[in-house]
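Structure assessment
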Amino acid sequence: MNRVRTLAVQRIHALEAAYVALAGGLMAVATAGGDMADHVRLFQIALLVCLPAMVPCLPLLYLAGAAAWNLADADHGGPVWPVMLTYTAVGVLAALLNVMALRWWRTRHHLS
């Protein structure tokens, strides 16, 4: 029984890691190009994947994203990678908050 529980926990951890990687990857691809208008649907999907924790992270996303755009001068031909890293970091943060909330809920309800 203990071995089965260990395997189940390992699978849950693998799914959590895959979810965080998916959220970060979507956000990175959606913001990688200089013109985000090309990837607006992908950006929206990335935001949806990060719900519900993305809601409290939205101010951070927009303030940090605006700061990255301005500091890198990305809208006038500057490098776009600081913007991509900023958006990806906030997306990963939201996904990690979702994983932590789900772990808290599972422990509270004694589900593995």
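The following paragraphs examine the structure supplied in this document. As the structure is a computational prediction, the values presented were derived from the model and not from experiment.

Criteria and cut-off values
- Residues numbered from 1 in each chain as written.
- Predicted model: local features only at pLDDT ≥ 70, side-chain atom pairs only at ≥ 80, totals over all residues.
- Heavy atoms only, no water.
- Salt bridge = Lys/Arg side-chain N within 4 Å of Asp/Glu carboxyl O.
- Helix = DSSP H or I, 4+ residues; strand = E, 2+ residues; numbered from the N terminus.
- Buried < 20%, exposed > 50% of the residue type's maximum accessible area, 1.4 Å probe, protein only.
- Contact = heavy atoms within 4.5 Å.
- Phe/Tyr/Trp six-rings, centres within 6.5 Å; stacked < 30°, edge-to-face > 60°.

What follows is about the pattern of salt bridges. Applying the stated rule across the entire model yields 2 salt bridges. A salt bridge links Arg103 to Glu16; its shortest N-O distance comes to 2.6 Å. Of the two residues, Arg103 sits in helix α4 (residues 81-108) while Glu16 sits in helix α1 (residues 2-31), which places them 87 residues apart along the sequence. On the basis of relative accessibility, which here comes to 36%, the residue Arg103 falls in the partly exposed class. When the shortest N-O distance is used, the salt bridge between Arg106 and Glu16 registers 3.2 Å. Pair noted here: Arg106 is in helix α4 and Glu16 is in helix α1, with a separation of 90 residues, a long-range link. Overlapping salt bridges bring together Glu16, Arg103 and Arg106 as one network.

Before going further, it helps to examine unusual backbone geometry. Residue Pro52 follows Leu51 across a cis peptide bond; omega there is 5°. Inspection of the secondary structure puts Pro52 in the loop between α2 (40-49) and α3 (54-72). One non-glycine residue, Asp73, lies in the positive phi region at around 55°. Among the secondary structure elements, Asp73 is positioned in the loop between α3 and α4.

Moving on, we get to the side chain of Thr88. Within the secondary structure layout, Thr88 lies in helix α4. Given the relative accessible area of 16%, Thr88 is considered buried. Those residues within four positions of Thr88 in sequence are excluded, and the remaining contacts are Gly24, Met27, Ala28 and Thr31.

Going through the model one piece at a time under the given rule, you end up with 1 aromatic pair. Plain terms: the ring middles of Phe43 and Tyr87 are 5.7 Å apart, the flat faces sit at 70° to each other, and that makes the pair edge-to-face. Here Tyr87 lies in helix α4 and Phe43 lies in helix α2, a separation of 44 residues in the sequence. Just as Phe43 is buried, Tyr87 falls in that class too.

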